[in-house]
Number of protein chains: 2
Amino acid sequence: MIMRNTFAFQGRVNNAAKRLITEAVVEILDIENFASSNTFRIADLGCAVGPNTFFAVQNIIEAVQFKYQCQGLDSQLPEFQVLFNDHTSNDFNTLFSSLPLDRKYYAAGVPGSFYGRLFPNGSLHFVHSSYTNHWLSRVPKPVVDKSSPAWNKGRIHYTSAKDEVIKAYEAQYVEDMEYFLHARAQEVVRGGLVALIFSGRPNGIHHSQTTQNITFDLLGSCLMDMAKKGIVSEEKVDSFNMPMYYMSPQELEAAVDRNGYFSIERMEDLPPIQEIITSTIPKSQIIVSHLRAALDGLLKTHFGDAILDELFDSLSKKIEEGMPMLISGGSINFFALLRRKAMD
Amino acid sequence: MIMRNTFAFQGRVNNAAKRLITEAVVEILDIENFASSNTFRIADLGCAVGPNTFFAVQNIIEAVQFKYQCQGLDSQLPEFQVLFNDHTSNDFNTLFSSLPLDRKYYAAGVPGSFYGRLFPNGSLHFVHSSYTNHWLSRVPKPVVDKSSPAWNKGRIHYTSAKDEVIKAYEAQYVEDMEYFLHARAQEVVRGGLVALIFSGRPNGIHHSQTTQNITFDLLGSCLMDMAKKGIVSEEKVDSFNMPMYYMSPQELEAAVDRNGYFSIERMEDLPPIQEIITSTIPKSQIIVSHLRAALDGLLKTHFGDAILDELFDSLSKKIEEGMPMLISGGSINFFALLRRKAMD
């Protein structure tokens, strides 16, 4: 099972995202376009088990209701249906049992990867996805292929890796975003909105200089240290690669252009996370605890339970030592609002 | 958690039901009515964890596709979305992980009781529910109220109980079916179909003479025997009542009439279950094993784990002794096809 909520401190930027989504609905959503449908359908992609997903959809619904009221269309207010999506391995039982009791929408769970089709043609009015698109659909094949020039020996990510490795990751990202946008182009009604929140890389910053990737580099070096000590085999480390890619706003623009079915209505950086700046807990500790929560499952599946405590202990030290480098590293959270064009 | 698939031997009558549903689609479903919608939505209510639910919806989809082909409307063939519903406590994780990989429909899980609204207005084209409607939404309140004339002392069901108890169960059934039909009347498009399979009571047969109820009577007497021996408290037995009601075809007709939004297009008895007639395993053993599978959870919640083996051992003996009475008892499985009328 892949945990989606990484050390991007998901819930913490919700306020900025909340405001942007409300603005998107109020300023850009053309509700008269959907007047013939009496159901307004919202999908949350990569919903995990809540509660962030519930806050996000509640915010969207309130914004839509507000817009109907402002336009004097109270009597035409649609019913809402929210489709909560995540991988089949997500704990939908927990999600369902924690659904807000006072919700004013019909809820459904939709299992499957958002890199393929999940919903019928033209059935969604608003798609929301928060900190999910840095997860690739899979580890790029060439990086685990010994005979490939992109074989990623001694590393677990593309950070500071040779060009072939970076290119393999980029190619996987391009393919995944193509599938993602292609599927949404079919599912979203014309005029419908797609609000995406990304943990990404500032434009013009090299992969090796982004905070997330520097962290993965340190994690990789901890694993190699353990390999040298014989705690894990070197082969095990070579065959492990993180299925994550941190896109830049420019890369997203290029993907949307290539797809052709959406216009980008908004693209905005989200403010830095206040908690990590103002917290009295050491920054390294915060980073490691979030990282462990996000990566525990992935690491356990590949390396087993036994090494995790030692691994994160040594990572903690490396992060503390590397803090100046981490702080100087580039990292952004950004918001993009896409609108499905009025064409086939 | 309430287990829905009781000793009605669910999957076993599928062939007769399958034929009836295919006929319903071919003869009665007015697909031209839905031509404007490019999604055909099917709900399976009380789906449990499969695989019966997958067979049932597959059959419906094939019948709809067949009808489109026969009418030369291949090019207008809709996409299919199947909404699998059961209580929130149902194991949706297992359901999702066992979804057929080669399915030709979009799948979603919808948690909640079908005695309330589950889906948006006019969003369903075909509703299917199999052996679920004998489960009431709750135990009728008066039967567990010591101060009520309907207090059901010394019994666990309305079988052979005093009139007040029977009336309390009947009232709960009437209320539940009212909610059920009212919710479906809003959710199903005009012209849409509702196919229901019931484990029920033949017209004109008293409650105390139906096979299921005779069995519950025997189960109740086993519990009272244990109370007399001090293994469970008498109060514990008094406060336990089965939330099941076995309606007759006539009662269903009356409920549909009262609701007013549906016409009954078909009403048909399903053939008796061959397996129990031809099996070499003693009938009593088959009945008890199915009964235990169905009621284990319910009994465990109220009485705890410890008494179950002894309870079902003694039930097994009573069923064996009571077999002539059970065989002479009335019991039917019946099929009803409702069509949403073309009115508000």
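Anyway, here's the lowdown on the structure attached to this text. Only a predicted model underlies this, so the values are computations on that prediction, with no experimental measurement involved.

To continue, consider the packing of helix H5 (residues 211-228) of chain B against helix H9 (residues 283-303) of chain B. All names here are of chain B. The contact between H5 and H9 brings their axes to 13 Å, and the two run at 50°. Between H5 and H9, the interaxial angle falls into the category oblique. In terms of crossing hand, the pair formed by H5 and H9 is right-handed. When H5 is examined against H9, the residues Thr215, Phe216, Leu219 and Leu223 are found in contact with a partner set consisting of Ile287, Leu291, Leu295 and Phe303. For the contact of H5 with H9, the residue count by class is seven nonpolar, one polar and no charged.

In this section: the pattern of salt bridges. Residues and elements named next belong to chain A. Under the defined criterion, the tally for this structure stands at 32 salt bridges over all chains. The shortest N-O distance in the salt bridge between Arg184 and Glu187 comes to 2.8 Å. Here Arg184 and its partner Glu187 are both found in helix H4 (residues 163-187), three residues apart, which amounts to about one turn of the helix. Each member of the pair Arg184 and Glu187 is classed as buried. Its salt-bridge partner being Asp309, residue Arg292 comes within 3.0 Å of it at the nearest N-O pair. Taken together, the residues Arg292 in helix H9 (residues 283-303) and Asp309 in helix H10 (residues 308-321) connect sequence positions 17 residues apart. One network of salt bridges, with partners in common, ties together Arg292, Asp296, Lys300, Asp305 and Asp309.

Between chain A and chain B, which share one sequence, the superposing operator has a rotation angle of 180° and an axial displacement of 0.0 Å; the RMSD is 0.0 Å. The transformation just described matches what one would write down for a two-fold rotation axis. Considering only C-alpha atoms, the residue of chain A closest to the rotation axis is Gly109 of chain A, which sits at 2.4 Å. Looking at the interface residues of chain A, 100% of them are also at the interface in chain B, so both copies use one shared face.

Right, let's talk about the pairing of strand S4 (residues 124-130) of chain B for a bit. All names here are of chain B. The buried fraction of S4 is high, at seven of seven residues. As judged from the four bridges shared by strand S1 (residues 39-45) and S4, these two strands associate in the parallel manner. Across the sheet, the residue bridging to Leu45 is Ser129, located in S4. As paired elements, S4 and strand S5 (residues 188-200) share six bridges and run parallel to each other. By the bridge assignment for S5, Phe126 is matched with Leu193. Regarding topology, helix H4 (residues 163-187) serves as the crossover connection from S4 to the parallel S5, and that connection is right-handed.

Turning to the nonpolar core, a few remarks are in order. Across soluble globular proteins, you tend to see nonpolar side chains buried next to one another. Counting 144 residues, the largest nonpolar core has Met242, Leu295 and Leu311 of chain A together with Met242, Leu295 and Leu311 of chain B as the members making the most contacts within it. Leave out the neighbours within four places in its chain, and Leu295 of chain B touches Phe216, Leu219, Met242 and Met244 of chain B. If you look at the next biggest cluster of nonpolar residues, it comprises 78 residues, including Phe92 of chain A together with Leu20, Ile31 and Ile60 of chain B.

Taken as a whole, the largest pocket encloses approximately 960 Å³ of empty space. For the largest pocket, the lining is made up of 31 residues, of which Ser37 of chain A together with Ser36, Ser37, Asn38 and Arg41 of chain B are closest to its centre. When residues of the lining of the largest pocket are traced back to their parent elements, those giving at least two are strand S1 (39-45), H4 and strand S5 (188-200) of chain A together with S1 and S5 of chain B. With three residues, the top contributor of residues to the lining of the largest pocket is S5 of chain A. When grouped by side-chain class, the residues that make up the lining of the largest pocket number six nonpolar, 19 polar and six charged.

Another aspect to go through is H9 of chain A. For H9 of chain A, the principal kink sits at Leu295 of chain A and spans about 55°. Following H9 of chain A by one or two positions, Gly304 of chain A has its phi on the positive side, about 85°.

Here the focus is the interface of chain A and chain B. How big an interface is tends to be reported as the loss of accessible area on association of its parts. Listed by partner, the interface residues are 26 residues for chain A and 26 residues for chain B. Approximately 2000 Å² of surface area, both sides summed, lies buried where chain A meets chain B, with 54% of it carried by carbon and sulfur atoms. Summed over the shared surface of chain A and chain B, the result is two salt bridges. Taking the shortest distance from any N to any O, the salt bridge between Glu79 of chain B and Arg117 of chain A comes out at 3.3 Å. Applying the counting rule to chain A against chain B returns 12 residue pairs in polar contact (both at pLDDT 80 or more). Where the side of chain A that touches chain B is concerned, the elements lending two or more residues are S1, strand S2 (79-86), helix H3 (92-97) and strand S3 (106-111) of chain A. Of the residues forming the side of chain A that touches chain B, the biggest block, six residues, is contributed by S3 of chain A. In terms of residue class, the side of chain A that touches chain B is made up of 12 nonpolar, 10 polar and four charged.

The next thing to look at is unusual backbone geometry. Residue and element names in this part refer to chain A. For the bond from Gly50 to Pro51, the omega torsion is 0°, close enough to zero to count as cis. Structurally, the position occupied by Pro51 is in the loop between S1 and helix H2 (52-70). Despite not being glycine, Tyr131 has its phi angle at roughly 55°, a positive value. Here Tyr131 is to be found in the loop between strand S4 (124-130) and H4. Exposure remark for Tyr131: the relative accessible area of 1% places this residue in the buried category. Its identity as a non-glycine residue notwithstanding, Ser160 has a phi of 55°, on the positive side. Mapping Ser160 onto the fold places it in the loop between S4 and H4.

Residues and elements named next belong to chain B. Within the secondary structure, Val194 is located in strand S5. The exposure class of Val194 is buried, given its relative accessible area of 1%. Considered as a pair, Val194 and Leu338 are 144 residues apart in the sequence and their alpha carbons are 5.0 Å apart.

Let us now look at the packing of H4 of chain B against helix H7 (residues 249-259) of chain B. Residue and element names in this part refer to chain B. Running from amino to carboxyl end, H4 crosses H7 at an angle of 50°, the nearest separation of the two axes being 10 Å. Classified by the angle their axes make, H4 and H7 are oblique. Remark: the crossing between H4 and H7 carries right-handed chirality. On the side of H4, the interface is formed by Tyr173, Val174, Met177, Leu181, His182 and Ala185, while H7 contributes Glu251, Leu252, Ala255, Val256, Arg258 and Asn259. Considered class by class, the residues forming the contact of H4 with H7 number eight nonpolar, two polar and two charged.

Rules used throughout
Here, residues in each chain are numbered from 1, in the same order as that chain's written sequence. Note on labels: chains are lettered from A, ligands numbered from 1, in written order. Owing to the predicted nature of the model, reporting of local features is limited to residues with pLDDT of at least 70; listing and counting of side-chain atom pairs is limited to 80 or more, with chain, interface and lining totals taken over all residues. As a rule here, side-chain values come from all non-hydrogen atoms in the structure, and water together with hydrogens is ignored. To get an axis, a line is fitted to the C-alpha atoms, and for a helix only the part in contact is used. The angle between two axes follows their N-to-C directions and goes from 0 to 180 degrees. In DSSP terms, a helix is any run of H or I states spanning at least four residues, a strand is any run of E spanning at least two, and both are numbered starting from the N terminus. Convention used here: angles under 35 degrees read as roughly parallel, angles over 145 as roughly antiparallel, angles from 65 to 115 as roughly perpendicular, and any remaining angle as oblique. Crossing chirality is assigned from the near helix's rotation relative to the far helix, an anticlockwise turn below a right angle marking it left-handed and a clockwise turn marking it right-handed. By definition, residues are in contact when any of their heavy atoms lie within 4.5 Å. Amino acid classes used here: Ala, Val, Leu, Ile, Met, Phe, Trp, Tyr, Cys and Pro are nonpolar; Asp, Glu, Lys and Arg are charged; the rest, including Gly, are polar. We define a salt bridge as a contact between a side-chain nitrogen of Lys or Arg and a carboxyl oxygen of Asp or Glu at a distance within 4 Å. Categorising residues by exposure relies on relative accessible area from a 1.4 Å probe, with only protein chains included: less than 20% of the type maximum marks a residue as buried, more than 50% marks it as exposed, and the intermediate range marks it as partly exposed. We superpose the copies by least squares over the C-alpha atoms of residues that have a pLDDT of at least 70 in both of them. In this scheme, strands are said to pair when DSSP sees at least two bridges between them. By convention a crossover is right-handed if, when the strands point away from the viewer, the path from the first strand over the helix to the second runs clockwise. Residues belong to one nonpolar core when they are buried, are Ala, Val, Leu, Ile, Met, Phe, Trp, Tyr or Cys, and are joined through side-chain atoms within 4.5 Å. The pocket and cavity definitions rest on a 1 Å grid over protein atoms only: a 1.4 Å probe that fits but cannot leave marks a cavity, an open set with protein on both sides within 12 Å along at least five of seven lines marks a pocket, and residues lining either have an atom within 4 Å of a point. Grid points are joined across faces, edges and corners, and a volume is the space filled by probe spheres set on the points. Take the seven residues that end at a residue and the seven that start at it, fit an axis to each, and the angle between those axes is the bend at that residue. Throughout, the accessible surface (probe 1.4 Å) given up by two parts as they are put together, summed over both, is called the buried area. Two N or O atoms form a polar contact when they lie within 3.5 Å of each other; inside protein one atom must be a possible hydrogen donor and the other a possible acceptor, and for residues adjacent in sequence the pair counts only when both atoms belong to side chains.

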